[in-house]
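Here are the chains, one letter per residue:
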Amino acid sequence: MSSSAEGDRRAAEGKSTPPAIVVLISGRGSNLQAIIEAVRNGEIPASICAVISSRPNAPGLEFARTAGIAAEVVDDRRYDDRQSCEAALTAAIDRHRPDLVALAGFMRILSHDFVRHYDGRMLNIHPSLLPEFAGLDTHRRALEAGAWEHGASVHFVTEDVDGGPVILRARVPIKPDDTPASLAERVLEFEHRIYPLAIRWFVEGRVRKSGDQVIFDGKPLAQPLDYADVKNGR
Ligand code: GRF
């Protein structure tokens, strides 16, 4: 779908404002910062209507406040169970009627009901070349496995943790003297490039989810897009 087709769809739904994004964080917020910057410089034609953190002391909340974005906290430790926490989180998100929910270092395993509620409009950034190294501590695990490359992936969120259809990946070669920290630092640079790009495609209507597939420019992706190819126009 072209961006004007996306505009037609939004108009048909009675939406005349730019697409609205809610970003969920738990910590540092460097991906949030990259998204804020991309919205500010027009790379992402959308507005961030709220940033919601699962931790009251997440440094990323400050980036939101500095950018004049509503910053809210749904502190998961203040709820007795996951159901009540997710009910509060859903209410906080849905108040903003977002077109997209972007997870950016949001450290919670989400219930199937929650994920289904946002089916096709929730993205995540993960620091590995999915499907390799789903889960935590990916940089150390990649080094221990003797991998020769690592990277980052943007994917739709599904019930399968870190297992939803992948839109875009960036490959990062592993150097012989890499430590988990040095590798994480290089991967993070690419996270900050591919997440805003994938979000841009989403809000422009170029990328969407259909069942377990990613549709890009109207066609199912046989495999995730590779950032180097995209950048070089391949
Ligand atoms: C990133 O590495 C992201 O891929 C992962 O959590 C980390 C969050 O970093 N999901 P930040 O909070 O965006 O700086």
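Keep in mind the model is a prediction, meaning the values are calculated, not measured. (Residues numbered from 1 in each chain as written. Predicted model: local features only at pLDDT ≥ 70, side-chain atom pairs only at ≥ 80, totals over all residues. Heavy atoms only, no water.)

A. Highlighting the pattern of salt bridges. The tally for this structure, following the rule as stated, stands at 18 salt bridges. Between E37 and R40 there is a salt bridge, with its nearest N and O atoms 3.1 Å apart. Residue E37 and its partner R40 are located together in helix α2 (residues 30–40), separated by three residues, close to a single helical turn. When the shortest N-O distance is used, the salt bridge between D76 and R55 registers 2.5 Å. Of this pair, D76 sits in the loop between β3 (71–73) and α4 (82–94) while R55 sits in the loop between β2 (47–53) and α3 (60–66), placing them 21 residues apart in sequence. When its relative accessible area of 13% is taken as the criterion, D76 is described as buried. (Salt bridge = Lys/Arg side-chain N within 4 Å of Asp/Glu carboxyl O. Helix = DSSP H or I, 4+ residues; strand = E, 2+ residues; numbered from the N terminus. Buried < 20%, exposed > 50% of the residue type's maximum accessible area, 1.4 Å probe, protein only.)

B. Looking closely at the sheet that holds strand β9 (residues 213–216). On the basis of which strands lie adjacent, the open sheet formed by three strands has the order β8-β9-β10 and antiparallel pairing. Bordering the open sheet on either side are β8 (207–210) and β10 (219–220), each of which pairs with just one other strand. Where β8 lies against β9, four bridges are found, and the strand directions are antiparallel. For K209, the partnering residue across the bridge sits in β9 and is V214. (Pairing = 2+ DSSP bridges.)

C. Just α2, in detail. Burial runs high along α2: eight of the eleven residues are buried. Within the sequence span of α2, burial applies to S30, N31, L32, A34, I35, I36, A38 and V39. In the segment just after α2, G42 is the residue with positive phi, at about 85°.

D. Local environment of the site of the ligand. In the region of the ligand, the neighbouring residues are R28, G29, S30, N31, G105, I125, H126, P127 and E191. At 2.6 Å, a side-chain N or O of S30 approaches an oxygen atom of the ligand. A distance of 2.9 Å is found between an oxygen atom of the ligand and a backbone nitrogen or oxygen belonging to N31. Its free accessible area being 370 Å², the ligand has 85% of it covered by the protein chains. Tallied by class, the residues present in the shell around the ligand amount to two nonpolar, five polar and two charged. (Near = heavy atom within 4 Å. Polar contact = N/O pair within 3.5 Å; in protein donor to acceptor, adjacent residues only side chain to side chain. Areas by Shrake-Rupley, 256 points an atom, 1.4 Å probe, with all protein chains shown as cover. Nonpolar A, V, L, I, M, F, W, Y, C, P; charged D, E, K, R; others polar.)

E. View of the state of the cysteines. Under the criterion given, the structure shown has zero disulfides. A disulfide-free cysteine, C85 has its sulfur positioned 19 Å from the sulfur of C49, the nearest such atom. According to the relative accessible area criterion, C85 is buried, its value standing at 1%. (Disulfide = S-S within 2.5 Å.)

F. Seen up close, helix α7 (residues 180–204). Here α7 contains 25 residues, and its C-alpha end-to-end distance of 35 Å stays within 8% of the 36 Å for a straight helix at 1.5 Å per residue. Positioned one or two residues after α7, G205 has a phi angle of 80°, which is positive. (Expected span 1.5 Å × (residues − 1).)

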